[in-house]
Amino acid sequence: MGYGVNADDSLKEEASQREDSKKEVLRMEIESRSENEEFARVAVAVFMSRMNPTMEEIDDVKTAVSEAVTNGIIHGYQGKEGIIYIEAAVEGRELSVSVRDKGVGIRDVKRAMEPMYTSDVTGERSGMGFSFMEAFMDEIEVLSEPGKGTQVIMKKQIGR
Ligand SMILES: Nc1ncnc2c1ncn2[C@@H]1O[C@H](COP(=O)(O)OP(=O)(O)O)[C@@H](O)[C@H]1O
Ligand SMILES: [Mg+2]
């Protein structure tokens, strides 16, 4: 009996230690087709629901994820086959989302991120994707190398 009590105590302690540093992660790979963009956006929205977000926070994140994934499909892989790697993580009140492609990459990231800059010549793109990501998330970091691909890492505090 005494042994049982001790075991219970130590289990509780382990559980509470885990609670402090708990990071929950969702990893997804989608084929670079526009039909899959909605799936990525909704999956991240469902994943973040454990943070008890407001509708506005969910919409902000969905918009940012949608822009990043669409960029991977359209610009990164230029409509060709490829895989978009999505990782979402929750740690305390912070949500971070990484969207990565192994596509053409960006030569001048600073210029690409300027509002209304687009390399698109069809007139279909507004060049506001990065601006939306910046507006709707707290932080955005873009890592890219021509010929290697692009990774967008976005962070947002939920429920302040
Ligand atoms: N994943 C990516 N791979 C390659 N180029 C990209 C990627 N994401 C963005 N870009 C470049 O950055 C530009 C700006 O992106 P964005 O602000 O979303 O505007 P838009 O998509 O409307 O052109 C794009 O036109 C493209 O040249
Ligand atoms: Mg875009």
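Keep in mind it's a predicted model, so treat the numbers as computed, not measured. By convention here, each chain's residues receive numbers from 1 onward along its written sequence. Chain letters start at A and ligand numbers start at 1, both assigned in the order the entries are written. For this predicted model, a pLDDT threshold of at least 70 governs which residues receive local features, and a threshold of 80 or more governs which side-chain atom pairs are given and counted, while totals over whole chains, interfaces and linings are taken from all residues.

Only runs of H or I of at least four residues qualify as helices and only runs of E of at least two qualify as strands under DSSP, and these elements are numbered from the N terminus. Secondary structure summary: the protein contains five helices and five strands in total. Secondary structure of the protein in N-to-C order comes out as α-β-α-α-β-β-α-α-β-β. Exposed residues have 12 or fewer other C-beta atoms within 10 Å of their own C-beta, buried residues have 20 or more, and partly exposed residues fall in between, where C-beta atoms are placed from the backbone. Out of the 160 residues in the protein, the part that is buried amounts to 28%. We call two residues in contact if the C-beta atoms placed from their backbones are at most 7 Å apart. Across the protein, contacts joining residues at least 24 apart in sequence account for 67% of those joining residues at least 6 apart.

Turning to the site of ligand 1, a few remarks are in order. Using the backbone to place each C-beta atom, any residue with that atom within 6 Å of a molecule or strand is considered near it. Around ligand 1, the structure places 22 residues, and the nearest of them are N71, T118, S119, R125 and G129. Contributions of two or more residues to the shell around ligand 1 are made by α3 (55-76) and α5 (129-136). Counting residues per element, the shell around ligand 1 draws most heavily on α3, at five residues. Basically, the charged four are Asp, Glu, Lys and Arg, the nonpolar ten are Ala, Val, Leu, Ile, Met, Phe, Trp, Tyr, Cys and Pro, and anything else, Gly included, counts as polar. Each residue belonging to the shell around ligand 1 can be placed in one class, and the counts come to six nonpolar, twelve polar and four charged.

With that settled, the discussion passes to the sheet that holds strand β2 (residues 83-91). Two modes of strand pairing occur in sheets, parallel and antiparallel, and in both the strands are linked by backbone hydrogen bonds. Any two strands between which DSSP finds at least two bridges are classified as paired. Read across the open sheet, the five strands follow the order β1-β2-β3-β5-β4; overall the sheet is antiparallel. A single partner strand is all that each edge strand has here, and the edge strands are β1 (23-31) and β4 (139-145). The mean inter-strand angle of the sheet, taken between neighbouring strand axes irrespective of direction, is 10°. To obtain an axis, a line is fitted to C-alpha atoms, over the contacting stretch when the element is a helix, and the angle between two such axes runs from 0 to 180 degrees between their N-to-C directions. Those strands touched by α3 are β2, β3 (94-101) and β5 (149-157), and its axis lies near 10° from that of β3.

Our focus in this paragraph is the packing of helix α2 (residues 34-48) against α3. For the pair α2 and α3, the least separation of the axes is 9 Å and the interaxial angle reads 145°. In this structure, α2 meets α3 at a crossing whose hand is right-handed. Contacts from S34, E37, A40, R41, V44, A45 and M48 in α2 reach I58, V61, K62, V65, S66, V69, T70 and I73 in α3. Handedness of each helix crossing follows the sense of rotation of the near helix against the far helix: counterclockwise by less than a right angle gives left-handed, clockwise gives right-handed.

Every residue is assigned a pLDDT by the predictor, reflecting its confidence on a scale from 0 to 100. Taken residue by residue, the protein gives an average pLDDT of 91. The fraction at 70 or more is 87%. Note that residues 1-5 has pLDDT below 50 and, in this model, zero contacts with residues that lie over four places away or in other chains.

Here we come to unusual backbone geometry. Its identity as a non-glycine residue notwithstanding, N52 has a phi of 60°, on the positive side. Note on placement: N52 falls in the loop between α2 and α3. Phi is positive for M116, close to 75°, though the residue is something other than glycine. Tracing the backbone shows M116 in the loop between α4 (109-112) and α5. On the basis of neighbour counts, which here come to 9 C-beta atoms within 10 Å, the residue M116 falls in the exposed class.

Bringing α3 into the picture now. Spacing of three or four residues puts side chains on the same side of an α-helix, whose turn is 3.6 residues. With 22 residues, α3 extends 30 Å between its outermost C-alpha atoms, agreeing within 8% with the 32 Å of an ideal straight helix rising 1.5 Å per residue. In the stretch just after α3, Q78 is the one whose phi turns positive, near 50°. Multiplying 1.5 Å by the helix residue count minus one yields the expected span of that helix.

A word on the pairing of β5. Summarising the sheet, β3 and β5 pair through eight bridges and their orientation is antiparallel. By the bridge assignment for β5, V99 is matched with V152. One ladder, built from seven bridges, connects β4 with β5; its direction is antiparallel. What sits directly across from S144, in β5, is T150. Count of turn residues in the β4/β5 antiparallel hairpin: three residues, of which G147 carries a positive phi of about 85°.

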